[in-house]
Protein chains: 2
Amino acid sequence: MTAQPLRAALLGFGTVGAAVARILVDRPDLADRVQLTHIFNRDVARKRSAWVPPSVTWTESVDDVFASKPDAVVEVIGGLEPAGTWVRRALTQGVAVVTANKMLLAAHAPELLHLAATKGTQLRFEAAVAGGVPLIHGVREGLAGDRLLRVAGILNGTSNYVLSRMAAGDEPMSAVLDDARRLGYAEADPSADIDGDDAGAKIVVLAGIAFRRHLRLADIPRQSIRSISAADFRYARQLGCTIRQIAMVGTSDGGFHAFVGPALVLRGSNFGLNMGANNVVTIAGHYGGENSFSGAGAGGPATAVAVVSDLLSLTQRTHERSEEWPAGTITPPPARPYYLRFVVRDRPGILASIAAALARQGINLDAVLQEPGYPKDALPFVITVEACQEAPLKTALHEIGRSDFNAEPPLALPMLLGD
Amino acid sequence: MTAQPLRAALLGFGTVGAAVARILVDRPDLADRVQLTHIFNRDVARKRSAWVPPSVTWTESVDDVFASKPDAVVEVIGGLEPAGTWVRRALTQGVAVVTANKMLLAAHAPELLHLAATKGTQLRFEAAVAGGVPLIHGVREGLAGDRLLRVAGILNGTSNYVLSRMAAGDEPMSAVLDDARRLGYAEADPSADIDGDDAGAKIVVLAGIAFRRHLRLADIPRQSIRSISAADFRYARQLGCTIRQIAMVGTSDGGFHAFVGPALVLRGSNFGLNMGANNVVTIAGHYGGENSFSGAGAGGPATAVAVVSDLLSLTQRTHERSEEWPAGTITPPPARPYYLRFVVRDRPGILASIAAALARQGINLDAVLQEPGYPKDALPFVITVEACQEAPLKTALHEIGRSDFNAEPPLALPMLLGD
């Protein structure tokens, strides 16, 4: 290539930023394509690393970065602000942006993509979903010829670690979460992970990649994994299943059904077999059937590979107009079977009462599971129901939930048995 | 996009060609990007399909196709000739080529890529490896930022069908192959599949994709799966393993080690869990660790998705210079453990003799497995050895193989336990 290398500035020198710099320094074969010119971070004196070559300017001033007129900035600061302001500033100047910031994209992708398109530049974000798994290039380009129907995945390493540990050891969630915090797999407040906001933001980005539509994070139904108990894993096992936090989005009737939360999946499926903090994503297409991608979902080096791949793609694809994501509409999910778990103060007539409430909504029972050995005043048992719509199921569960036999609110989990 | 659509001609209207036309006809949303202008095939009268719009010209003359000055030709004829002549003719005219022809690429990729580069056009081949699995886009672009170390996969559906059926049912290969032929999973002469030529050609293409080097198919060590018996699956199971035809290529000392043939893999690994005709490929990178891709390895619609994706990529990436693949050198594989299976006419002293021959080459035994219930004149037993180089192992096996206690030649399978 005879072109000048892409002059790139790094905004943020945390785990990912340092790993990006490390790859660019380690790989002299990339030097004629990408040149790292600036590293911006607070407290440069503390951050400065001896292995970064002296040709790179360290700065605490983002104005210095923009004054240098870079070809691209890499935003690996995270969070909505000031990252959003700086991404807008770059795009407005016609500077390409590579970002790993799923929250920024979930909130503002349409505006930022439009800005990139109008300024004739690019916004790239392979690193924003599933870290090192090359989903965007694989899905967007490699499956461009298909008509995609559905994307489903395990996108949150913390939740998958917690649930796969619970499945293996019959431990309560609180104990596993304590361990996860100690080991650094979970943050002090793991709400964003286990309540589904993190995976929800990623599914917003994946919907953009797969369908070129923007869904609002607030519109995506999310269910926390907090209500999953050791008993649920025992009942799931009886059904040949285990429980995973699944994030999915699919086309339906001109809109999109989406879901983030715990679901039953077959133990032998791609999802059921996925352990620890690994990510796995399955894409279903009308023509090509199912493709599955898996790999490290997080971590500095894996995420940095995605960032550097994006920088390299900028050196090759300079004449492309940035895509845009018009708004998409969330529609109800398709009919599917559900796992319903009740915890009751046992007395005669409970099953009849629940069955009657379901029957009134036209919902058919599939199986009733009740293991021995639980206390009579907090007895968990399970009913699985045949494929049904979500709305009548909610109506039935609302009615059932008002009965005074419930020791805990009823829990409904979709059974995703095709995956 | 305001540009004119890419005018594409289809060379070949077999299973894949028809599926390509079907997608282009089915998806009006692609009409402003790709326009199918010609379908070339012998015996057009028989092939002509009513669902192809009248704007498409059917022809039995390849000269007509070239006279129309297409922007791209899709070569889905297969085989070295006349496909090779026509691909060269297209590239020479500056016409981009999309091909699914792994044998042509394995034989002539360097020449064809060089021709594309000098003529300022493109040669694309996402469909040539693993059908619908978007490996090229995922690996080449999505993992461009990594330093790739190894690519390994199950790339031949026929062999995987045969071996996974044998593993499940304890059936001899001849019976499974007969069934596979009846069901259309194997050709009348399945040699190219089970002896490794098909997977070998694919590994040549994958080496090009991952490492941008061309390996000669003739230099890639291939081992047939014909010698695998039901007893091997029983012994493999004792080791927590099963047997799959694995194709792999990895970097080593400035060269590449490559292998196609049966290998022991852990039953719970991506490879061990892969059933039927599905393909799975694992890529190991220095920074990003392991990524895995799986999906339909063959079939008209899945392969056609790859072809159409390539056509779409041509509409976006018009200013890129075609890559080239300089020759790569095959080097010996790294030290690894092996599974050694002997079939002997039993008599005292055989194990001592084998152990001594291995010891003379500095090879350490790991385990000796002998199941009861086999005839004394054709007794299969297994020795696993610790990681060793291939050359001394071959020397030892050559020496052991000359002894008259062998009822069959000794069999050595690599144990790929990291996958």
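In this text, all values refer to a predicted model and were calculated from it rather than measured experimentally.

## Quick word on the overall build of chain A
Phase 1: Within chain A one finds 14 helices and 15 strands.
Phase 2: Taken against the 2.2 N^0.38 rule, which gives 22 Å for 419 residues, the C-alpha radius of gyration of chain A at 24 Å falls within 12% of a compact globule.
Phase 3: Considering only C-alpha atoms, chain A reaches an extent of 80 × 45 × 35 Å along its principal axes.
Phase 4: The buried share of chain A, reckoned over its 419 residues, is 51%.
Phase 5: Across chain A, contacts joining residues at least 24 apart in sequence account for 76% of those joining residues at least 6 apart.

## A closer look at the packing of helix 13 (residues 350–360) of chain A against helix 14 (residues 390–401) of chain A
Packed helices, taken two at a time, are described by their axes: the angle between them and the distance between them.
All names here are of chain A.
Phase 1: Where helix 13 contacts helix 14, the two axes come as close as 8 Å, and the packing angle between them is 150°. Taken together, the axis directions place helix 13 and helix 14 in an arrangement best described as roughly antiparallel. Where helix 13 crosses over helix 14, the handedness of that crossing is right-handed. Facing helix 13, whose interface residues are Ile354, Ala357, Leu358 and Arg360, helix 14 presents Ala396, Glu399 and Ile400.
Phase 2: Partitioning the contact of helix 13 with helix 14 into residue classes produces five nonpolar, no polar and two charged.

## Considerations on the pairing of strand 7 (residues 148–154) of chain A
All names here are of chain A.
Phase 1: With six of its seven residues buried, strand 7 lies for the most part within the structure.
Phase 2: Judged from the six bridges that link them, strand 7 and strand 10 (residues 278–285) form a sheet pairing that is antiparallel. Along strand 10, the bridge assignment pairs Gly153 with Val281.

## Things to note about the domain arrangement of chain A
Residue and element names in this part refer to chain A.
Phase 1: The assigned domain composition of chain A is domain 1 (6–124), domain 2 (135–296) and domain 3 (336–416).
Phase 2: Facing the six residues of domain 1 at the interface are seven residues of domain 2.
Phase 3: Of the residues that constitute the side of domain 1 that touches domain 2, the class distribution is five nonpolar, no polar and one charged.

## A closer look at helix 10 (residues 197–211) of chain A
Phase 1: In this model helix 10 of chain A runs 20 Å from its N-terminal to its C-terminal C-alpha over 15 residues, within 8% of the 21 Å that 1.5 Å per residue would give.
Phase 2: A positive phi of about 55° marks Arg212(A), the residue just after helix 10 of chain A.

## What about the interface of chain B and chain A?
Phase 1: On the side of chain A, 43 residues touch chain B, which itself brings 43 residues to the contact.
Phase 2: Of all the elements, helix 12 (residues 300–316) of chain B adds the most residues to the side of chain B that touches chain A, at eleven residues.
Phase 3: Across the side of chain B that touches chain A, the residue classes break down as 18 nonpolar, 17 polar and eight charged.
Phase 4: Here strand 11 (residues 289–296) of chain A pairs with strand 11 (residues 289–296) of chain B via three bridges, running antiparallel. Its bridge partner lying in strand 11 of chain B, Ser292(A) is registered against Ser294(B).

## Section: the environment of Met275(B)
All names here are of chain B.
Phase 1: Position of Met275 among the secondary structure elements: in the loop between strand 9 (255–266) and strand 10 (278–285).
Phase 2: Overall, Met275 belongs to the partly exposed group, with 14 C-beta atoms counted inside 10 Å.
Phase 3: Each C-alpha atom of the pair Met275 and Tyr161 lies 6.8 Å from the other, and the pair is 114 residues apart in sequence.

## A closer look at unusual backbone geometry
All names here are of chain A.
Phase 1: For the peptide bond that leads from Glu81 to Pro82, omega is 5°, which places it in the cis range.
Phase 2: Relative to the assigned elements, Pro82 resides in the loop between strand 4 (72–75) and helix 4 (83–92).
Phase 3: Phi at Asp43 is positive, roughly 55°, even though this residue is not glycine.
Phase 4: Within the fold, Asp43 resides in the loop between strand 2 (34–40) and helix 2 (44–47).
Phase 5: One non-glycine residue with positive phi stands out, namely Arg212, at about 55°.
Phase 6: Positionally, Arg212 belongs in the loop between helix 10 and helix 11 (230–238).

## Concerning the relation of the copies chain B and chain A
Phase 1: Under the fitted operation, chain B is carried onto chain A by 0.0 Å of movement along the axis and a turn of 180°, and the coordinates agree to an RMSD of 0.0 Å. As the rotation angle and translation indicate, the two copies are arranged about a two-fold axis.
Phase 2: Most of the interface of chain B is mirrored in chain A: 100% of its interface residues are interface residues there too.

## Remarks on helix 12 (residues 300–316) of chain A
Phase 1: Between its first and last C-alpha atoms helix 12 of chain A spans 25 Å; for 17 residues at 1.5 Å apiece the expected length is 24 Å, and the two agree.
Phase 2: With 14 of its 17 residues buried, helix 12 of chain A lies for the most part within the structure.

## Digging into the pairing of strand 11 of chain B
Residue and element names in this part refer to chain B.
Phase 1: When you tally the buried positions in strand 11, you get seven out of eight residues, the bulk of the element.
Phase 2: Alignment of strand 10 against strand 11, held across eight bridges, turns out to be antiparallel. In the sheet register, Asn278 faces strand 11, and the bridge partner there is Ala296.

## Digging into the environment of Phe233(A)
Phase 1: On the secondary structure map, Phe233(A) appears in helix 11.
Phase 2: A sequence separation of 31 residues divides Phe233(A) from Lys202(A), and the C-alpha atoms of the two residues are 26 Å apart.

## Re the confidence of the model for chain A
Phase 1: In the predicted model, chain A carries a mean pLDDT of 93, and the fraction of residues at 70 or more is 98%.
Phase 2: Scoring the predicted complex yields pTM 0.90 and, for the interface, ipTM 0.87.

## So, the sheet that holds strand 6 (residues 123–124) of chain B
Phase 1: Pairing within the open sheet is parallel, and its six strands lie in the order 3-2-1-4-5-6 (chain B). Either end of the sheet is taken by a strand with one partner, and the two such strands are strand 3 (57–59) and strand 6 of chain B.

## As for the sheet that holds strand 4 of chain A
Residue and element names in this part refer to chain A.
Phase 1: Across the sheet, which stays open at both edges, the six strands sit in the order 3-2-1-4-5-6 with parallel pairing between neighbours. The open sheet has two edge strands with one neighbour each: strand 3 (57–59) and strand 6 (123–124).
Phase 2: Pairing of strand 5 (residues 96–99) with strand 6 involves two bridges; the strand directions are parallel. Residue pairing for strand 6: Val98 is matched across the bridge by Arg124.

## So, the packing of helix 4 (residues 83–92) of chain B against helix 5 (residues 102–118) of chain B
All names here are of chain B.
Phase 1: Packing of helix 4 against helix 5 brings their axes to within 10 Å, and their N-to-C directions diverge by 15°. The orientation of helix 4 with respect to helix 5, classified from their angle, is roughly parallel. Pair helix 4 / helix 5 crosses with right-handed handedness. Residues Ala83, Gly84, Val87, Arg88, Leu91 and Thr92 of helix 4 touch helix 5, and the partners they reach there are Leu104, His108, Leu112, Leu115 and Ala116.
Phase 2: Taken together, the residues that form the contact of helix 4 with helix 5 break down as seven nonpolar, three polar and one charged.

## A closer look at the environment of Val280(A)
Residue and element names in this part refer to chain A.
Phase 1: Tracing the chain through its elements places Val280 in strand 10.
Phase 2: Under the C-beta neighbour-count criterion, Val280 is labelled buried, with 24 such atoms within 10 Å.
Phase 3: For Val280, the residues in contact, after removing those within four places along its chain, are Gly153, Ile154, Asn270, Phe271, Asn274, Ser292 and Ser294.

Rules used throughout
Residues numbered from 1 in each chain as written. Chains lettered and ligands numbered in written order. Predicted model: local features only at pLDDT ≥ 70, side-chain atom pairs only at ≥ 80, totals over all residues. Helix = DSSP H or I, 4+ residues; strand = E, 2+ residues; numbered from the N terminus. Rg over C-alpha atoms; globule rule 2.2 N^0.38 Å. Buried ≥ 20, exposed ≤ 12 C-beta atoms within 10 Å, placed from the backbone. Contact = placed C-beta atoms within 7 Å. Axes fitted to C-alpha atoms, helices over the stretch in contact; angles between N-to-C directions. Parallel < 35°, antiparallel > 145°, perpendicular 65-115°, else oblique. Left-handed = near helix turned anticlockwise from the far one by under 90°. Nonpolar A, V, L, I, M, F, W, Y, C, P; charged D, E, K, R; others polar. Pairing = 2+ DSSP bridges. Domains from an automatic or database assignment. Expected span 1.5 Å × (residues − 1). Least-squares fit on C-alpha atoms with pLDDT ≥ 70 in both. pLDDT = per-residue confidence, 0-100.

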